[in-house]
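Here is how the chains run, residue by residue.
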Amino acid sequence: ANQKRQCSKWWVAFEKEIAINIVPSSKHRMSELKEPITLDEQAPEPRLCSVPDGGASLRRRVPCRVKSNDSADGGRNFVAGQSIREGECIRIGCGEDSKCVKLTCIAAGSSMERHRLLKANSDLENVDAADDGNDNVEWTTMKLLRALLAEAIGTFIIVIFGVGTVCTVVSTGAQKGLWQVAVVWGFGVTIAILCTGEASGAHLNPAVSLAFLLVRPGTSGSTFTPRWSSGLYRCLMYMLAQTIGAIIGGAINLGIFGSAIRAFERAKGIDRGGPGSELSAMMFGEYFPNPGFAGEDGPLSKSDVTPFSAFCIEAWGTLVLCFVIFLVTHPKNKILGKDSRPMVPYFIGFTVAGLISLYAPLTQAGWNPARDFGPRVVAAFAGWGEIAIPGPRGGFWVYILGPLVGGPIGAALAEAFIFISL
């Protein structure tokens, strides 16, 4: 394992150098070759290469070891201080095991091919290449598809647990009290993060994806890159995947709770799609004020929560959520320690539960455009029509723009706090 880590670090340094310092064969000469060190030589400590200036040589001090002088696979050995020509294949190795060897080809005129790695052993994975117009070699099409699938699944889980518990409490009255609903929401978020975090970073929320794009692109563990065009593309794809997952989750909730919802509407005399049917539509989309706390069933009236005030509440709640997310996931925040890092999803879930218990009576506490819009689309096609979109006062935009504004602000404040305090 130690040898694998050493080789991976060394390979990262090499890849960054050759990606930045490719020497065209028509303009530059090969620099003088240095004698390679073969694996048969047992040195007490790995020798470090002194690297001359110029050419495509390695500028970092890295272990100067190669597999052998003969290249059976068609590539020559790379030696520190040696220039690389475009269109050439070279072989790299490190450590005392021939498995720790890779072959890479530097194709002329193609930055995509320049980053295409041919592995000599499948044990070496997750090696980063330099950002040379194609960002990171890890971000292959397959990896992006896995990340998008993870985002869709994670948002689906949130809707199944979170929106599902709203369906349960409204249609059957099973949960007693707002805190029971909030706790299920929080655990749903935690489970979704634990299931998908490794594959995609577990944004599961367009506001969180936008916050990462604007505030923390290209850092260790980040999903996006500093390049605005490719980072924006991935962010939009994440948002689309999250919305699709939410739509599927909303459709499944409708299928499971359909009969209970019809019984609830029959008992309350609700005409689906007509005035007042937001009392059942709230099991999918969100409304302000919360229909369960307004009118005959509560102390609030529609005039108590205006569209602008609802927008501010949604922006504020998402600001707090992203502030916590960016603080607890920042590498400089050592309060949790390495052993307690697995608790991060639970703290994020606890934050969601706390915010719901505070603000759900006012706006139903969305904080997530995909969570609101996806099930709302299902409700629109299931008979609620304009009650679902655009809503009684055309207020569905509150649950989209509010989080998208508040999320990046909270993330920026968290990053500023870390920069100043740590």
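Every chain begins its residue count from 1, and numbering advances along the sequence as written. It should be noted that, the model being predicted, local features are given only for residues of pLDDT at least 70 and side-chain atom pairs only at 80 or more, the latter also being counted only at that level, while totals for whole chains, interfaces and linings use all residues. For side-chain calculations, the full set of non-hydrogen atoms in the structure is used, while hydrogens and water are omitted.

Draft legend 1. Focus on the packing of helix α3 (residues 141-172) against helix α10 (residues 369-384). The interhelical angle for the contact between α3 and α10, taken along N-to-C directions, is 75°, at an axis separation of 10 Å. Overall, the two elements α3 and α10 adopt an arrangement that is roughly perpendicular. Across the interface between the two elements, Thr155, Val159 and Val163 from α3 touch Ala370, Arg371 and Pro375 from α10. Partitioned by chemical class, the residues of the contact of α3 with α10 number four nonpolar, one polar and one charged. Here an axis means a line fitted to C-alpha atoms, over the contact stretch when the element is a helix, while the angle between two N-to-C directions is reported on a 0 to 180 degree scale. A run of DSSP states H or I qualifies as a helix once it reaches four residues; a run of E qualifies as a strand once it reaches two. Both are numbered from the N-terminal end. When describing relative orientation, an angle under 35 degrees is termed roughly parallel and one over 145 degrees roughly antiparallel, while 65 to 115 degrees is termed roughly perpendicular and anything else oblique. By the convention used here, residues are in contact when the closest approach between their heavy atoms is within 4.5 Å. In this count, Pro and Cys sit with the nonpolar residues alongside Ala, Val, Leu, Ile, Met, Phe, Trp and Tyr, while Asp, Glu, Lys and Arg are called charged and the others, Gly among them, polar.

Draft legend 2. Main features of α10. A helix is expected to reach a length of 1.5 Å times the quantity of its residues less one. The first and last C-alpha atoms of α10 sit only 19 Å apart over 16 residues, clearly below the 22 Å expected at 1.5 Å per residue. The cut-offs for exposure are 20% and 50% of the maximum accessible area for each residue type, with area from a 1.4 Å probe on protein chains only; residues under the lower value are buried, those over the upper are exposed, and the others partly exposed. For α10, every residue scored as buried is listed here: Pro369, Ala370, Arg371, Asp372, Gly374, Pro375, Arg376, Val377, Val378, Ala379, Ala382 and Trp384. Residues adjacent in sequence count toward polar contacts only when both atoms are side-chain atoms; beyond that, a polar contact is any pair of N or O atoms within 3.5 Å, and within protein one must be able to donate a hydrogen and the other to accept it. The opening residue of α10, the one whose side-chain oxygen lies 3.0 Å from the backbone nitrogen of Ala370, is Asn368. Note on α10: the residue one or two positions beyond its end, Gly385, has a positive phi of about 55°.

Draft legend 3. Structural view of unusual backbone geometry. Look at the link from Phe288 to Pro289: it is a cis peptide, with omega at -10°. As for its placement among the helices and strands, Pro289 is situated in the loop between α7 (278-281) and α8 (307-328). In this chain, Ile389 is followed by Pro390 through a cis amide linkage whose omega measures 10°. Looking at the secondary structure, you find Pro390 in the loop between α10 and α11 (398-421). For Leu204, which is not a glycine, the phi torsion comes out positive at approximately 60°. Locating Leu204 in the fold gives a position in the loop between α4 (178-200) and α5 (206-215). Overall, Leu204 belongs to the buried group, its relative accessible area being 2%. Here the phi dihedral of Gln364 falls at roughly 70°; this positive angle occurs in a residue that is not glycine. Judged by relative accessible area, which is 10%, Gln364 ranks as buried.

Draft legend 4. Layout of the packing of aromatic side chains. Geometry of aromatic contacts follows a simple scheme: Phe, Tyr and Trp rings, the Trp one being its six-membered ring, pair when their centres are within 6.5 Å, and the pair is stacked under 30 degrees between planes, edge-to-face over 60, tilted otherwise. In this structure the tally under the stated criterion is eight aromatic pairs. Between Tyr359 and Trp367, the ring centres sit 6.0 Å apart and the planes meet at 90°, which makes this aromatic pair edge-to-face. Three or more aromatic residues joined by ring pairs make a cluster, and in this case those are Phe308, Phe311 and Trp397. Two thresholds decide whether a charge sits over a ring: the Lys NZ or Arg CZ must be within 6 Å of the ring centre and within 35 degrees of the ring normal. Over the ring of Trp384 we find Arg272, and its NZ or CZ is 4.0 Å from the ring centre. A cation over a ring is seen here: Arg376 above Tyr287, with NZ or CZ 5.2 Å from the ring centre.

Draft legend 5. Highlighting the environment of Thr168. Here Thr168 lies in helix α3. Residues contacting Thr168, with those up to four places away along its chain left out, are Gly173, Ala174, Gln175 and Phe257.

Draft legend 6. Local environment of the pattern of salt bridges. Throughout this description, the term salt bridge denotes a Lys or Arg side-chain nitrogen within 4 Å of a carboxyl oxygen of Asp or Glu. Taken as a whole and judged by the stated rule, the model has five salt bridges. Close ionic contact of Arg216 with Glu415 constitutes a salt bridge, the shortest N to O distance being 2.6 Å. Of this pair, Arg216 sits in the loop between α5 and α6 (228-268) while Glu415 sits in helix α11, and the two are 199 residues apart along the sequence. Its relative accessible area of 7% is what places Arg216 among the buried residues. Residue Arg371 pairs with Glu286 through a salt bridge whose shortest N-O separation is 3.3 Å. Of this pair, Arg371 sits in helix α10 while Glu286 sits in the loop between α7 and α8, and the two are 85 residues apart along the sequence. Relative accessible area serves as the criterion here: at 2%, Arg371 is assigned to the buried category.

Draft legend 7. A look at the side chain of Asn253. Position of Asn253 among the secondary structure elements: in helix α6. For Asn253, a relative accessible area of 2% corresponds to the buried category.

Draft legend 8. Local environment of the packing of α8 against helix α9 (residues 344-363). Across the interface, α8 lies against α9 with an axial gap of 10 Å and an inter-helix angle of 170°. Classified by the angle their axes make, α8 and α9 are roughly antiparallel. As α8 packs across α9, the resulting crossing turns out to be right-handed. Taken together, the residues of α9 that come into contact with α8 (itself represented by Ala310, Ile313, Glu314, Trp316, Gly317, Val320, Leu321, Val324, Ile325 and Val328) are Val344, Ile348, Thr351, Val352, Leu355, Tyr359, Leu362 and Thr363. For a crossing to be left-handed, the near helix must be turned anticlockwise from the far one by less than a right angle; the clockwise case is right-handed.

Draft legend 9. Representation of the nonpolar core in the model. Joining through side-chain atoms within 4.5 Å is the link that ties buried Ala, Val, Leu, Ile, Met, Phe, Trp, Tyr and Cys residues into a set, and such a set is a nonpolar core. Counting 54 residues, the largest nonpolar core has Ile348, Ile356 and Trp384 as its most contacted members. Setting aside chain neighbours within four positions, we find Trp384 in contact with Ile261, Glu265, Arg272, Gly273, Ser277, Ser280, Ala281, Phe284 and Ala379.

Draft legend 10. Structural view of a nonpolar patch on the surface. The patches described consist of residues with a relative accessible area above 30% and no salt bridge, like charges being joined within 9 Å and nonpolar side chains (Val, Leu, Ile, Met, Phe, Trp, Tyr) within 5 Å. What sets the accessible areas is the Shrake-Rupley method with a 1.4 Å probe; for residues, cover comes only from the shown protein chains. Taken together, the side chains of Leu240, Ile244, Ile248, Ile252 and Ile256 present a nonpolar region at the surface, about 440 Å² in accessible area. You can see Leu240 is positioned in helix α6. Overall, Leu240 belongs to the partly exposed group, its relative accessible area being 47%.

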